[in-house]
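Structural overview for review
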Protein chains: 2
Amino acid sequence: MTINERVDKLRLLMQKNNIDTYIITKFDPHQSEYAPARYDSVKFISGFTGSNATAVITEDKAMLWTDGRYFIQAAKQIQGTYFDLQKENHPNFPDYQTFVRNSTKKGGCATFDGKCMSTLAAKNLAEKLSAKNINCKIDIDLLDEIWEDRPELSNNKIFDLLINYAGKSRSEKLEEIRKIMSGENIDVYVISSLDDIAWLFNLRGNDVPYNTTFASYAIVEQDSAVLFVDSEKISDCVEILRQDNVTVKKYNEIFDYIKNIDKNKFFGFDENRTNYALYTEITSNFRSKNIKEITVDLKACKNKIEIENLKSVNIRDSVYLLRFIKWIKENVGKEKITELDVEKKLIELRSKDKNFLFPSFNTIAAYMPNAAMMHYSATEESHAVIEPKGFLLVDSGGQYLDGTTDVTRTIVLGKIDEQMKRDFTLTLKSNISLARAIFLDGTCGVTLDMLARQPMWNNLMDYKCGTGHGIGFCLGVHEGPQNISLRPVAAPLKEGMIISNEPGVYRENMYGIRTETTILVKFHAESEFGRFLSFETISPCPIDLEAIDVSLLTQDEIKWINAFHEDVFNKLSPFLNEDERYFLRLQTLDI
Amino acid sequence: MTINERVDKLRLLMQKNNIDTYIITKFDPHQSEYAPARYDSVKFISGFTGSNATAVITEDKAMLWTDGRYFIQAAKQIQGTYFDLQKENHPNFPDYQTFVRNSTKKGGCATFDGKCMSTLAAKNLAEKLSAKNINCKIDIDLLDEIWEDRPELSNNKIFDLLINYAGKSRSEKLEEIRKIMSGENIDVYVISSLDDIAWLFNLRGNDVPYNTTFASYAIVEQDSAVLFVDSEKISDCVEILRQDNVTVKKYNEIFDYIKNIDKNKFFGFDENRTNYALYTEITSNFRSKNIKEITVDLKACKNKIEIENLKSVNIRDSVYLLRFIKWIKENVGKEKITELDVEKKLIELRSKDKNFLFPSFNTIAAYMPNAAMMHYSATEESHAVIEPKGFLLVDSGGQYLDGTTDVTRTIVLGKIDEQMKRDFTLTLKSNISLARAIFLDGTCGVTLDMLARQPMWNNLMDYKCGTGHGIGFCLGVHEGPQNISLRPVAAPLKEGMIISNEPGVYRENMYGIRTETTILVKFHAESEFGRFLSFETISPCPIDLEAIDVSLLTQDEIKWINAFHEDVFNKLSPFLNEDERYFLRLQTLDI
């Protein structure tokens, strides 16, 4: 069936159901960053495969929205179909909500699968549409009727993350949540976000590549806790969950389960993380309130054992990265190495670790101009051969039982020019500036972002992305609430949070540079003016000395980099053979 | 009538009206920063006079909430009354919403004057109370029944702010708003905030000391504009408004006027700025949407003529401040000068300006330990005599036809010790660090705040307030949306915005230091990475050289301060006599 045939079929069904406008998102019912293939609905209807996409179909129009990262790719992929590309955040294009409003008749009907849109997004849409009295129908999934061979959800087994990794038992975690529920007068607390559920129940799975989460919902009351998840994949854990008074029910049973709860009970849930179908189910039957997900903050501040584990896993991961750097520096130009070989080599090196599960995201191995594309990933069809000159940017990480890693190094493979050195050094200055920060307890990432931007901005340069994101514990490589970026988000940095520190310089058609370390928020000092925090860089992988222009660094910066490299040498050398240790010594010499 | 008699009377009325809990705010119907005396309701019922206060009365309890600035004062003022002090943001005290929830019976009734609470606050309260099914009654003002001699609203005349000051005509402004209304599909746009109304109609008044606003509402449609304001005070302007097709109606008529609007029309208004009574009136009869106040952004970016005026008024205002500095330095110790004399002297000096109206806020003249109290103001009963030693902090400003000023200088009056010099110099470093910023167009103040904090935080110091606030044009000395502080507010800095730059050091029982300049956001440069902005310091008043420890400054900082003082000298000297010019030369010598 071609794309256009799919659209034709959908339009027939829309007509039959009196639907004027059909909106298709690419979200799963949990607004996961990476949705299972079952929810690749925009790809199914339009052929477009980018990670940000919304499609809208009307009687005579088919529109696809995406952002600047994907304009070229989307135009190519929808060529020859009914679809027109609509650019997000572009003055010449309406946002999809405005398009829906303008192209649906007064009093008409716009439809989307309520499970696949967040409450916040659905409410915003509804507000836009109310001006024209347009109704939203959300309990119908027309795609399902035309999608033959729609992928099923994965059946990968779920396992118990032992306490020596997790550091806190599920009963302790449940107790903490119940205490907060009491304080908030909440009888029934509904959790929809998959990493929060995995964290709360100390369980991990693998529904989607790179991810340790599993499709599920959870409902916590004072005297019960129910996990909604497909019974086959949870079978190994049912008994241990029962011991902690956690009941397992089928994934789709949550809607019926909620219907049967005592109508006097008061619900709490996070509108930002709950899909609109579930929201509607709750709010049309119960009194409730919107509460920031309780688990998010608890999960973000790693406990002592998690922190020990994370320090350990980052040392081992840096060892594998170092071996990779040694291998590529010694072999580039001697044998044919492509960008695709990088991920293979890294998996080979990391796989020797007994705690390694799989990569924590699709490795970015980008040579020279490819690295200027921030979300580049090499494919079988299109990838570069790595040559003994210039920069190779490698952004990779692993899911381990004792933590998640995410590190980027830009590696010098031969001759580089002065501008490359200058850009690399400015990136390093940005990284150091943030790494050395001393800040008041309660400061948000949006304030600290200035430290990383300043060396760039003073030179009229910038990178078009955040400086840092939270990292989970054997969980999401992107984890909230903390974030270091220009977006003014109210998420104070707290002791025990783990964040990436990844400024960069991206020069189109030339090269890309990123130096990404992992930093831990820790107590620094207390004075009459308050409690101060600072960072500890816990990913001890060397930064390429060959690309540093020392004349651009201050004395304090030089001191910092020398101390960092001394620490790298001390931490990694116990794991290395003599040859590797010698290599590391050269990589960590004082500048 | 004593405080307790007032509470007793209120309780009787509550009983009669079946009200369990009565909430009293100190807001006017426009959430003005400074409310007219008519709305000093918390003061009337409790005796407490602080600027942040909420009172809650139940059958057997009377509670007063305020924040840390006022704990001591509040405790003193409510001593001997029924009232108990409740500390805001303190772990041992509930917020008032929680108290209302906990102390009102299930299904009970909590009441407040809907005009005196913002929609946002009322909605938050209602959400808290819904868990216990408590109803909010908002159309009753019991205070009015027991408040004999309740102050009337002021009758001060409103005047037309001429185009050579305002820079843009009211018809141009109305046209801009109507264009935005069209884009947003809004038929009826309701404005409640007083500074926005004053700006939009190029009118100024003086309902409340220091303020140029006047109690009013406005409703804009495509073919009409109505200003609701008491007819007596607007009489001088009715004719010129009519020429711009603006109709004047009585202040309280807005509710009836709305009732008579065509029910098919779609309303837009800002929930954050609209009182709950008005919100309820609109939303229960019309379709509507919440839209960030359109006028706020238009007003914040000053036009070319406003900027020219602001530069000019800041030069003249700095001349008056310089004369003040000269006078106090030359006369302290020779005659008795108290903190109270400072405001008198400043008004005397500023009054010579033909455009001066009145001070833009209550002058803070605080000598030594008094200056450590951030919101100190000297009173007839309690004020210090200024001695020829230590620091005098003077924070003052004026309302002029051609702009609003707000400047703080910390003046050396004699001997100061090393710590005082160090703190003064760190404050200066903070001010310079922000003043020199180069930043990407679209950066929010919360990011730039880091620049001012860094010199403090690196020394484990901090000031417990924001670094900067927007300043109006012959309007509020605090004007949004821009703000430089640790609060993550999404308000990008834009060209033409005016902000204060006021870091400080406050040492309890010792002294307080603040150096407050006024900065203008302007275009800096454009590169392949984006458009960059920077600041221009437009308040050319010298910074006291006697308190600077040059050894703590970098070469760049020394260069900045020398260039600043050169600029100060060049701008002020044309206005000075020989004696004054000589004094200024000494105040602006190179360091």
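Along each chain, numbering runs from 1 in the same order as the chain's sequence is written. Labels are handed out in written order, letters beginning with A for the chains and numbers beginning with 1 for the ligands. Side-chain atom pairs in this predicted model are given and counted only at pLDDT of 80 or more, local residue features only at pLDDT of at least 70, and totals for whole chains, interfaces and linings cover all residues. Each side-chain value is derived from all of the structure's non-hydrogen atoms; neither hydrogens nor water enter the calculation.

Regarding the environment of A:G268
Residue and element names in this part refer to chain A. Mapped onto the secondary structure, G268 falls in strand β13 (residues 266-269). A 1.4 Å probe rolled over the protein chains alone gives each residue an accessible area, and that area as a share of the maximum for its type sets the label: buried under 20%, exposed over 50%, partly exposed in between. Residue G268 is classed as buried on the basis of its relative accessible area of 0%. Distance in space between the C-alpha atoms of G268 and E184 is 8.6 Å, their sequence separation being 84 residues. Secondary structure elements follow DSSP: runs of H or I no shorter than four residues count as helices, runs of E no shorter than two count as strands, and numbering proceeds from the N terminus.

Side note on helix α5 (residues 119-130) of chain A
All names here are of chain A. To estimate how far a helix should extend, the number of its residues minus one is multiplied by 1.5 Å. Taking 1.5 Å per residue as the helical rise, α5 with its twelve residues ought to reach 16 Å, and the 16 Å between its terminal C-alpha atoms agrees with that figure. Within the sequence span of α5, burial applies to T119, A122, L125 and L129. All buried residues of α5 project into a common sector of 130 degrees when viewed along the axis, lining one side. Tucked inside the fold, the buried residues of α5 contact β1 (21-24), α4 (96-103), β5 (109-111), β6 (135-137) and α13 (276-283). Along the arc lie the directions from the helix axis toward the C-beta atoms. We call two residues in contact when some of their heavy atoms are within 4.5 Å.

Comments concerning the packing of aromatic side chains
Ring pairs shown here join Phe, Tyr and Trp side chains whose ring centres sit within 6.5 Å, with only the six-membered ring taken for Trp; geometry is labelled stacked below 30 degrees between planes, edge-to-face above 60, and tilted in between. One pass over the full model with this rule turns up 32 aromatic pairs over all chains. Through pairs of rings, three or more aromatic residues link up here, namely A:F112, A:F269, A:Y276 and A:Y279. One cation-aromatic arrangement involves B:K87 over B:F71; the distance from NZ or CZ to the ring centre is 5.0 Å. Only when the NZ of Lys or the CZ of Arg is both within 6 Å of the ring centre and within 35 degrees of the ring normal is a charge said to sit over the ring.

Quick look at unusual backbone geometry
Residues and elements named next belong to chain A. Cis rather than trans, the peptide bond between G480 and P481 has omega equal to 0 degrees. The topology assignment puts P481 in strand β23 (residues 479-484). Phi angles above zero are rare outside glycine, and Y210 is one such case at about 75 degrees. By the secondary structure assignment, Y210 is in the loop between β9 (203-204) and β10 (217-221).

Re the packing of helix α15 (residues 304-331) of chain B against helix α20 (residues 578-587) of chain B
All names here are of chain B. Packing of α15 against α20 brings their axes to within 11 Å, and their N-to-C directions diverge by 85 degrees. In terms of orientation, α15 lies roughly perpendicular with respect to α20. In this structure, α15 uses L322, R323, I325, K326, K329 and E330 to contact α20, whose residues at the interface are D579, E580, F583, L584 and Q587. Here the term charged refers only to Asp, Glu, Lys and Arg, the term nonpolar to Ala, Val, Leu, Ile, Met, Phe, Trp, Tyr, Cys and Pro, and the term polar to all other amino acids, Gly among them. Tallied by class, the residues present in the contact of α15 with α20 amount to four nonpolar, one polar and six charged. Only C-alpha atoms enter the line fits that serve as axes; for helices the fit covers just the stretch in contact. Angles between N-to-C directions range over 0 to 180 degrees. An angle counts as roughly parallel when it lies under 35 degrees, as roughly antiparallel when it exceeds 145, as roughly perpendicular when it falls between 65 and 115, and as oblique in every other case.

Read these as layout, nothing more, since geometry by itself doesn't imply function.
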